[in-house]
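Spelled out, the chains give:
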Amino acid sequence: MRDLLRQRTSLKEEIEILLNNQVKMEAEASSKYLAMASWCDRNGYKNSAAYFLKQSDEERGHMLKIFNYIMTVGGTAISPEVAPVKQEFASFRSVFEAALQSEISVTQSINRIVTQSRREEDYGTENFIQWFVNEQIEEEDNARRAIELFDVIGEEGTGRYHIDKAILKISSES
């Protein structure tokens, strides 16, 4: 039956696997951002909590976009299982460092899809995934800018308060 299904799509199995892995990665990123939002909220960083809630929604949207693409091209989209994510962070800054590392990992995964799409001559998937390439440039930039606030403003005294306030500008400029 699997061979019969494969005949009904031009999507190569290797690309389908990579795309389903990306669906899972986006779901995990959404879950991580929820945990970050919760940590920020519990620690009094309301603006940062709102920022991470928005990021979580974006990641879920990315997951659905890829999931729908797989179905549209006749592939088998797999609903991802998400493992438990880290709920506690050592510091306010470490939350944002974890967010940047997550975005870098997503970028690397997206780049692997582009590379494999070219190798397989799957120009439809390559064209589709270009939106994510551009999105990741913005996502990494925002994450780096958030961390730069810690260096520019500093965490001493009311520094963390001002960082939390400045986070709103990063999310609204995107």
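Residues numbered from 1 in each chain as written. Predicted model: local features only at pLDDT ≥ 70, side-chain atom pairs only at ≥ 80, totals over all residues. Heavy atoms only, no water.

Trainee: An account of the overall build of the chain is needed here, citing residue identities and associated values.
Mentor: Scanning the chain from terminus to terminus reveals 6 helices and 0 strands. Overall, the chain shows an N-to-C arrangement of helices and strands of α-α-α-α-α-α. Long-range contacts, defined as pairs at least 24 residues apart, comprise 75% of the intrachain contacts of the chain with a sequence gap of at least 6. When the accessible surface of the chain is summed, it comes to about 9,300 Å², and 52% of that surface belongs to carbon and sulfur atoms. (Helix = DSSP H or I, 4+ residues; strand = E, 2+ residues; numbered from the N terminus. Contact = heavy atoms within 4.5 Å. Areas by Shrake-Rupley, 256 points an atom, 1.4 Å probe, with all protein chains shown as cover.)

Trainee: Tell me about the UniProt feature "binding site: Fe cation" (unreviewed entry) in the chain, and please be specific about residues and values.
Mentor: The feature "binding site: Fe cation" (unreviewed entry), as given by UniProt, occupies Glu26, Glu59, His62, Glu103 and Gln136 in the numbering adopted here. Look at the named residues: they lie 111 residues apart in sequence, but the longest C-alpha span between them is just 12.7 Å, so in the fold they bunch up. Summarising the element assignment, Glu103 is placed in helix 4 (residues 92-119). Apart from the residues within four sequence positions on either side, Glu103 is in contact with Tyr33, Gln55, Glu59, Gln136, Glu139 and Glu140. Here Gln136 lies in helix 5 (residues 123-153). (UniProt positions renumbered as here; feature names shortened; annotations may be inferred.)

Trainee: How would you summarise the UniProt feature "domain: Ferritin-like diiron" (unreviewed entry) in the chain if you had to cite specific residues and measurements?
Mentor: The UniProt feature table records "domain: Ferritin-like diiron" (unreviewed entry) at residues 9-154. Between the end C-alpha atoms of residues 9-154 there is a gap of 54 Å, over a span that is 79% helix and 0% strand.

Trainee: Which residues make up the pattern of salt bridges, and what values do they have?
Mentor: Any two side chains of opposite charge can pair, given that their charged atoms come close. Tallied over the full model, the rule gives 8 salt bridges. Across the salt bridge formed by Glu140 and Arg144, the nearest N and O atoms sit 3.1 Å from each other. Here the residue Glu140 and the residue Arg144 both occupy positions in helix 5, the gap between them amounting to 4 residues, near one helical turn. Residue classification places Glu140 among the buried residues on the basis of a relative accessible area of 14%. With a relative accessible area of 35%, Arg144 lands in the partly exposed category. (Salt bridge = Lys/Arg side-chain N within 4 Å of Asp/Glu carboxyl O. Buried < 20%, exposed > 50% of the residue type's maximum accessible area, 1.4 Å probe, protein only.)

Trainee: Requested: an account of the packing of aromatic side chains, with residues and values cited.
Mentor: All chains considered together, the criterion is met by 13 aromatic pairs. With a centroid separation of 3.7 Å and 5 degrees between ring planes, the pair formed by Tyr45 and Phe92 is classed as stacked. Residue Tyr45 is found in the loop between helix 2 (13-42) and helix 3 (46-72), and its partner Phe92 is found in helix 4; the two are separated by 47 residues along the sequence. Take Tyr45: its relative accessible area is 12%, and that puts it in the buried class. Through pairs of rings, three or more aromatic residues link up here, namely Tyr33, Trp39, Tyr45, Tyr51, Phe52, Phe89, Phe92, Phe96 and Phe150. In this arrangement the basic side chain of Lys65 is found over the ring face of Trp131, its NZ or CZ atom lying 3.6 Å from the centre. The aromatic ring of Phe132 is capped on one face by Lys65, whose charged end is 5.9 Å from the ring centroid. (Phe/Tyr/Trp six-rings, centres within 6.5 Å; stacked < 30°, edge-to-face > 60°. Lys NZ or Arg CZ within 6 Å of the ring centre and 35° of its normal.)

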